[in-house]
Amino acid sequence: MSEEQGSASKVWSKAGKPGPWDTIVIGSGMGGMTSAAMLASFGERVLVLEQHYVPGGYTHMFKRRGYSWDVGVHAVGEVTTHTMTGRLLDFLSDGELKWASLGKVYEEFQFPDDFTIEFPDNPHQFRENLVAAFPDEAEAIDAYIDLVREVAGARRGYYLARAAPKGTGWLANMTMAKRAERFFHMRTDEVVASLTDNPRLRALFTAQWGYYGSTPSRSSFAMQALVVKHFMHGGYYPVGGAKEIAKKLLTKVAAAGGWTRVNSDVEEIIIEGGRACGVRLRDGEEIRAPRVVSAVGILATVKRLLPEAIAEQEWVKSIEALDPSPPHVCLNLGFKGDIRAAGCSGANKWFYDTWNMEQDRWRVDADKAVGPAEVLYCSFPSLKDPEHDPGPEQKHTGEIVTFVPWEAFERWKGTRWKRRGEAYEAFKASIRERLLEQFFTHLPELKPMLDYAELSTPITTDHFVRPVQGAIYGIEPTPERFACPHLKPRSPIDGLYFSGSDVASVGVIGAMMGGVLCATAARPRAAMKLIRKMS
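The following paragraphs examine the structure supplied in this document. These figures come from a predicted structure and were not determined experimentally.

So, the overall build of the chain
Across its full length, the chain holds 19 helices and 20 strands. At 22 Å, the chain has a C-alpha radius of gyration in line with the 24 Å of a compact globule built from 535 residues. If one aligns the C-alpha atoms of the chain with their principal axes, the spans along those axes are about 65 × 50 × 45 Å. For the chain, buried positions account for 61% of its 535 residues. The long-range share in the chain, meaning contacts at least 24 apart out of those at least 6 apart in sequence, stands at 75%. Per element, the accessible surface of the chain, about 21,000 Å² overall, is 49% carbon and sulfur. Between the mean site of the 64 positive side-chain charges and the mean site of the 66 negative ones, the chain shows a separation of 7 Å.

Description of unusual backbone geometry
Look at the link from Gly-19 to Pro-20: it is a cis peptide, with omega at 5 degrees. Tracing the sequence through the fold places Pro-20 in the loop between β1 (12–13) and β2 (23–26). Phi is positive for Asp-113, close to 65 degrees, though the residue is something other than glycine.

What to know about the sheet that holds strand β11 (residues 266–272)
Taken together, three strands build an open sheet; the order of strands is β11-β12-β13 and the sheet is antiparallel. Looking along the sheet, the strands with just one partner apiece sit at the ends: β11 and β13 (286–288). The average undirected angle you get between the axes of adjacent strands in this sheet is 30 degrees. The sheet contact formed by β11 and strand β12 (residues 275–281) spans six bridges and is antiparallel. When the bridges of β12 are listed, Ile-270 appears paired with Gly-278.

Structural notes on the pairing of β12
Counting buried residues in β12 gives five out of seven residues, a clear majority hidden from the surface. The turn joining β11 and β12, which pair antiparallel and follow one another in sequence, is formed by two residues; a positive phi near 60 degrees is taken by Gly-273. Two elements, β12 and β13, share three bridges in a ladder whose sense is antiparallel. Paired with Arg-280 across the two strands is Glu-286, which belongs to β13. Connecting β12 to the antiparallel partner β13 that follows it, the hairpin turn spans four residues, and Gly-284 within it adopts a positive phi of roughly 100 degrees.

A look at the nonpolar core
In this structure, Met-30, Leu-89, Phe-111, Val-279, Leu-306, Trp-315 and Tyr-352 are the most contacted members of the largest nonpolar core, which totals 143 residues. Each residue touching Leu-306, except ones within four places of it in the same chain, is listed here: Glu-268, Ile-269, Ile-271, Thr-301, Trp-315, Val-316, Ile-493 and Leu-496. Among the nonpolar cores identified, the runner-up in size contains 34 residues, and Phe-351, Phe-409, Leu-435 and Ile-459 belong to it.

Cut-offs used in this document
Residues numbered from 1 in each chain as written. Predicted model: local features only at pLDDT ≥ 70, side-chain atom pairs only at ≥ 80, totals over all residues. Heavy atoms only, no water. Helix = DSSP H or I, 4+ residues; strand = E, 2+ residues; numbered from the N terminus. Rg over C-alpha atoms; globule rule 2.2 N^0.38 Å. Buried < 20%, exposed > 50% of the residue type's maximum accessible area, 1.4 Å probe, protein only. Contact = heavy atoms within 4.5 Å. Areas by Shrake-Rupley, 256 points an atom, 1.4 Å probe, with all protein chains shown as cover. Lys, Arg positive; Asp, Glu negative; His and termini not counted. Charge placed at Lys NZ, Arg CZ, Asp CG, Glu CD. Pairing = 2+ DSSP bridges. Axes fitted to C-alpha atoms, helices over the stretch in contact; angles between N-to-C directions. Core = buried A, V, L, I, M, F, W, Y, C linked by side-chain atoms within 4.5 Å.

As C-alpha cells, then:
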C-alpha cells in the first residue's frame, strides 16, 4: 500500500461500501472530486470510481527512494479566500486545504540573447516589469492588460450559461454569455498582433501558452487571457503537497455517506430507456444510480464509455472531431544538497531556446537522434511546500516538463507497465540524457547534487490517467472547442453529466470550475445558493 493510500484509508479503498447511491462519479481528478464534494455538501451519497490505485488524477503524487513528486500541480492561482474559487475550495475542504505562495516571483523566463524577465505576484509590478523590458510598448501593454481584465470580468456569465437547463441555453447565451463569447472565438495570435508589431513582445505576451497547451495561432484568446488573470496575484502550492487535495475533498464525500473506490475500472456507462442509470466495471460488476457523472474528459467518455449505438450519434461525432491537447514528458529529479544556493526557488522556470511560440512539440523520434527541446518548464516541488523536510541529506525534488508528439510513443500503447521492452527503455534513456544535458546548461551547480532521475512519458500518462492520446489538458482550447455546443455539464443523454476541464477551462482551477458547473447543472437551486454565498 502506498503512503497516500495508508494515510487516507478511511475515505477511499479498493473494496468500497454498499449503496444505494444518489450519484456515481467516474474519475477522481480535480473535476470529479469537486463535483462529488459539492453534491455531498447538498446531502447526496456519492460514489467516486477511480481506475488507478490512488485517487487524484493529475493531482496525485508518487514516491521513489524517499523522494515525492506531484504529477500535475506546479502552480495554482486564485486559491486564496480573496477569490470566489478560493472560497469554494475552502468550503469544500472544510477549511482544511491550505495553500503556500510561491513567493513574490512565481515565474522566471529566460529567452535567447540573455533576455530574462520575472512574473510577480501583483498586477502593478507585472505591468512595470513588462514596460521596463519594452519601454516603447507601454500603450500595447496597457491595452493587453485591459483585454485580460475584460475577459476575466465576463467569464462568470459565460460559464453559468453552460449550466443552463435544457431548452434555455439559447437565452442564456444571448444574455449571460454574449459579453465573453467573442473572446472565446478569437485566436490569440490575431489579438496580440492587433496590439503590437514587436515580435518579442508578442512572444512574451503568449509565453505561458504551456499552461493550456495550444499555440497562439490555434488557441482561443479567452484561454490565454484567463491564464494571465489566473496568476495576476501569484502562484500557490498546496501545503503538504498535491496529494492533500484528494484527502480533503474526498473526506467531504465520505462525511456525507459517500465513498471513493480505487482500482475500479469503468468499462461502460449503462443506458436504459434513453437514460444513464449506472456503470459496468471491467470485471462485470454493475452499480446503479439515478445520476452518472463522467469526469474522465468528454472526449475520452464519448470514445470509450458509451454504448456503440450512441457513439454513432451526431453530437458524439462533433466532439470526436475536436483535437486533444498535446502529451508531455516529465523528468522527475531527486537532489541531495542546497538547491536554493544552486539557483532554485519556489518559482517555476521557463527556459526558451526560441522566440517562436509556434514550436508546439519537441520533435523526438525513437528512430532518430534526439535533439534539444525548444522549451523546458522546470519546477521544484520541495521548495514550494513549507512542510517538506529535506532531512540531514537535504533531499529535494525537481521536474522538467515539455510537450512531445503522441505518434512518437504510440507504438507502445497497451504494453505492460515496467515491461515495455528494450526499445522503449532506450528511447526513454536518450530523452532523459538530452533533457539533463540541456537543463544543466542553465543550472550547472545542480549537476553534482543529482541523485535520481526518472522519466514519465505519454504512455505513462495513458496508463495511469487515460486521457485521449496522453493529452495533458483534455480537449485543446481552440475557438472550435468553445464553439462546440455539446461541451456542457448536462449531456444530451438524460441522467448523464460531464465534469472537469472540458466543461470549463484547463488547469486545476479550470477543472474545478468544470466540477462546479456539473454540480450546478445537476442541483441548480442548491448550487446557486452556494455560489451566491461564496460570491
